Amino acid sequence: MNFEMLGKITMSKETEKFKPYSETKYESGWVKRRIMFNAICGDNRHLLTVDGGSFADGHGDVYTFTKGSVDANGNKAKGESLKIPFKDRLTSPKLAEVAEFKKFVFDLEKPNRRYKLEKAAEKIKEGTSLTDEEFRELGIESEADVKDELEKSNKKKHEFISEWDFVEFIKKVIDSGKYNDKKFFIRGNANYSYSDKNQKVYENYVPQRIYLADDDAEEYSTATIKMIYGADAVDEMSAEEKGKYYVSGYMMEYDNNRKANIPVPVVVTIPVASTDANDKDKKKVEAIKRKFIVEDDTFKKLGIEVNMLNGAQKVEITEDMLTDEQKDDLECGLITLDDIRADLGGNVYGDRVQEYQFAKIARGFTKGRNDTVYTADDMTIKPIEEALPEGTDDLFDTDDDEI
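Residues numbered from 1 in each chain as written. Predicted model: local features only at pLDDT ≥ 70, side-chain atom pairs only at ≥ 80, totals over all residues. Heavy atoms only, no water.

Trainee: What exactly am I supposed to notice about the overall build of the chain here?
Mentor: In terms of regular secondary structure, the chain is built from eight helices and 19 strands. Considering the chain as a whole, with its 403 residues, one finds that 38% of them fall into the buried category. Of all intrachain contacts in the chain linking residues separated by at least 6 positions in sequence, the fraction that spans at least 24 positions is 70%. As displayed, the chain offers around 24,600 Å² of accessible surface, 46% of which is attributable to carbon and sulfur atoms. (Helix = DSSP H or I, 4+ residues; strand = E, 2+ residues; numbered from the N terminus. Buried < 20%, exposed > 50% of the residue type's maximum accessible area, 1.4 Å probe, protein only. Contact = heavy atoms within 4.5 Å. Areas by Shrake-Rupley, 256 points an atom, 1.4 Å probe, with all protein chains shown as cover.)

Trainee: Got a minute to help me understand the pattern of salt bridges in this structure?
Mentor: A side chain with one charge can pair with a side chain of the opposite charge if their charged atoms come near. For the coordinates displayed, the defined rule picks out 29 salt bridges. With a shortest N-O distance of 3.1 Å, arginine 33 and glutamate 23 are connected by a salt bridge. With arginine 33 in strand 3 (residues 30-41) and glutamate 23 in strand 2 (residues 21-25), the pair connects residues that are 10 residues apart, well separated along the chain. A residue is classified by how much of its surface remains accessible, and arginine 33, at 9% relative accessible area, is buried. You can call glutamate 23 partly exposed: its relative accessible area is 41%. (Salt bridge = Lys/Arg side-chain N within 4 Å of Asp/Glu carboxyl O.)

Trainee: Explain unusual backbone geometry to me, please; I cannot follow it from the model alone.
Mentor: Among all residues except glycine, the phi angle is most often negative; among peptide bonds, the trans geometry is most common. With a phi angle near 70°, asparagine 112 is a residue other than glycine that sits in the positive phi range. Turning to its location among the elements, asparagine 112 is positioned in the loop between strand 9 (104-107) and helix 1 (113-125). Phi is positive for glutamine 199, close to 50°, though the residue is something other than glycine. The topology assignment puts glutamine 199 in the loop between strand 11 (184-195) and strand 12 (200-212).

Trainee: Looking at this model, I keep getting lost on the environment of lysine 244. Mind explaining?
Mentor: Within the secondary structure, lysine 244 is located in strand 15 (residues 244-255). As for lysine 244 and lysine 67, which are separated by 177 residues in sequence, their C-alpha atoms are 45 Å apart. If near-sequence neighbours (up to four positions away) are discounted, lysine 244 is found in contact with Ser238, Ala239, Thr269, Ile270, Pro271, Val272 and Glu355.

Trainee: Explain the confidence of the model for the chain here, please?
Mentor: The predicted coordinates of low-pLDDT regions are not to be read in fine detail. Across the chain, the average pLDDT comes to 90, with 91% of residues at or above 70. Predicted confidence is poor over residues 386-403, with pLDDT under 50, and the contacts of this stretch with residues over four places away or in other chains come to 33 contacts. (pLDDT = per-residue confidence, 0-100.)

Trainee: Teacher, can you tell me more about the nonpolar core here?
Mentor: Soluble globular proteins tend to bury their nonpolar side chains together. Counting residues in each nonpolar core, the largest one holds 55 residues, and the members touching the most others are Met1, Phe3, Phe106, Ile170, Ile186, Phe292 and Ile304. Each residue touching phenylalanine 106, except ones within four places of it in the same chain, is listed here: Ile9, Lys156, Lys157, His158, Phe166, Phe169, Ile170, Val173, Phe184 and Ile210. (Core = buried A, V, L, I, M, F, W, Y, C linked by side-chain atoms within 4.5 Å.)

Trainee: I would appreciate a short explanation of the packing of helix 1 against helix 3 (residues 145-155) in the present structure.
Mentor: The relative placement of two packed helices comes down to the angle between their axes together with the axis-to-axis distance. Running from N to C, helix 1 and helix 3 cross one another at 145°; their axes reach a closest spacing of 10 Å. Here the hand of the crossing between helix 1 and helix 3 comes out left-handed. Here helix 1 contributes Arg113, Arg114, Leu117, Glu118, Ala120, Ala121 and Ile124 to the contact with helix 3, which in turn contributes Val146, Glu149, Leu150, Ser153 and Asn154. (Axes fitted to C-alpha atoms, helices over the stretch in contact; angles between N-to-C directions. Left-handed = near helix turned anticlockwise from the far one by under 90°.)

Trainee: Please explain a negative patch on the surface as it appears in this structure.
Mentor: On the surface, Asp324, Glu325, Asp328 and Glu331 cluster together into a patch of negative charge. Turning to its location among the elements, aspartate 324 is positioned in helix 7 (residues 324-332). In this structure aspartate 324 comes out as exposed when scored by relative accessible area, which is 59%. (Patch = residues over 30% accessible without salt bridge, like charges linked within 9 Å, V, L, I, M, F, W, Y side chains within 5 Å. Lys, Arg positive; Asp, Glu negative; His and termini not counted. Charge placed at Lys NZ, Arg CZ, Asp CG, Glu CD.)

Trainee: It is not clear to me how the environment of threonine 269 should be interpreted in this structure. Could you clarify?
Mentor: Relative to the helices and strands, threonine 269 is located in strand 16 (residues 260-271). Each C-alpha atom, one on threonine 269 and one on serine 248, is 8.9 Å from the other, the two residues being 21 residues apart in sequence. Setting aside residues no more than four positions away along its own chain, threonine 269 makes contact with Lys244, Tyr245, Tyr246, Glu355, Tyr356, Gln357 and Phe358. Only 3.0 Å separates the side chain of threonine 269 from the side chain of glutamate 355, close enough to count as a polar contact. (Polar contact = N/O pair within 3.5 Å; in protein donor to acceptor, adjacent residues only side chain to side chain.)

Trainee: Looking at this structure, how should I read the packing of aromatic side chains?
Mentor: Centre-to-centre distance and the angle between the planes together describe a pair of aromatic rings. Per the counting criterion, the structure on display carries 13 aromatic pairs. Consider the rings of phenylalanine 160 and phenylalanine 166, whose centres lie 6.3 Å apart with planes at 45°: the pair is tilted. Chaining the aromatic ring pairs together yields one cluster made of Phe104, Phe106, Phe160, Phe166, Phe169, Tyr179 and Phe184. One cation-aromatic arrangement involves arginine 33 over tryptophan 164; the distance from NZ or CZ to the ring centre is 3.7 Å. Over the aromatic face of tyrosine 21 sits the side chain of lysine 171, whose NZ or CZ is 5.1 Å from the ring centroid. (Phe/Tyr/Trp six-rings, centres within 6.5 Å; stacked < 30°, edge-to-face > 60°. Lys NZ or Arg CZ within 6 Å of the ring centre and 35° of its normal.)

Trainee: I'm lost on helix 1 in this one. Help?
Mentor: Spacing of three or four residues puts side chains on the same side of an α-helix, whose turn is 3.6 residues. With 13 residues, helix 1 extends 18 Å between its outermost C-alpha atoms, agreeing within 8% with the 18 Å of an ideal straight helix rising 1.5 Å per residue. Residues Arg113, Arg114, Leu117 and Ala120 constitute the buried set of helix 1. One side of helix 1 holds all its buried residues, which, seen down the axis, span an arc of 120°. Looking at the buried side of helix 1, the elements it contacts are strand 9, helix 2 (132-138), helix 3 and strand 10 (157-160). Positive phi shows up at glycine 127, right after helix 1, with a value of about 90°. (Expected span 1.5 Å × (residues − 1). Arc of directions from axis to C-beta.)

Structure follows, in structure tokens:
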């Protein structure tokens, strides 16, 4: 499950029970850092968590992976395991070998500015002068400034191979207060673990790359999942009462406690077209629903993109929300719906919603869903004897008002 978010980041509110930042020391000498912060994306707020650990005396290693390569004959070779001493994690010459997908990145440069500086430096090297427009875009006065500005820009990109340092830098950025009103593009994935004791799957959104975004960038939060589902996945009964179809299925996700994949239950909603919707919109809803209909005992897999909703959502003002007097005045032309919207502050919010809402088919599945060899037995999580590792907490039994 991979996610993308664009919004503002804030530290979660600390209470007696909830600590947004913590360092926990164990008898073994291991120290665990944890930060839990909010990504506020329009009407939605998501809790992101990063855990990092190290030994108090600095011994130990960081285990990572090298970049892939291509030989002289064009044959591709996968990367290999790479071990770097923890004390050298920020200075080792082997850092250049680390694969991009194993890095944790926080970039504080304005979007595209570094790229434009690089292109400007290339033009100058080739003997081509910069235009007045390029000077304005880069915010510089002379070509001599390009080299210095590029060096400053490169220093704004912070790369780490250990979550230990990533946690520390996230906290530093938020605590500085310099970026309170800034937006960030965040990419990451969800981690899952199953508690045999509580018979519950816990979900944890883990950011891996954070980039400064434009001030006027549209805020959103989406996720891409590969959903596995069988017969009776679609709840038809919810359409009339809830105004949406509920589709139940599973995601196969890696559980560190079991060192294997587990079926993680997931529910996706499909909004029902309104009664006054046009035929095209109604047909679209039916087409989406058909993709989740399975008429035998097999399981299908479909990659989809969903909107991650978590908060009160804006709703369109309709006549059934109006008082009798407003309806009469509207009919007589004394007021308009825009007048009513203005009186209500421009927006009306409905109930709080927490769900994954179908958005579109994911890349790689435009030809349709795939057959699988999964059976109903595969959708049951098997118990294990081992207890959870020392220091594992129930992160998600936290009241919303504590965040």
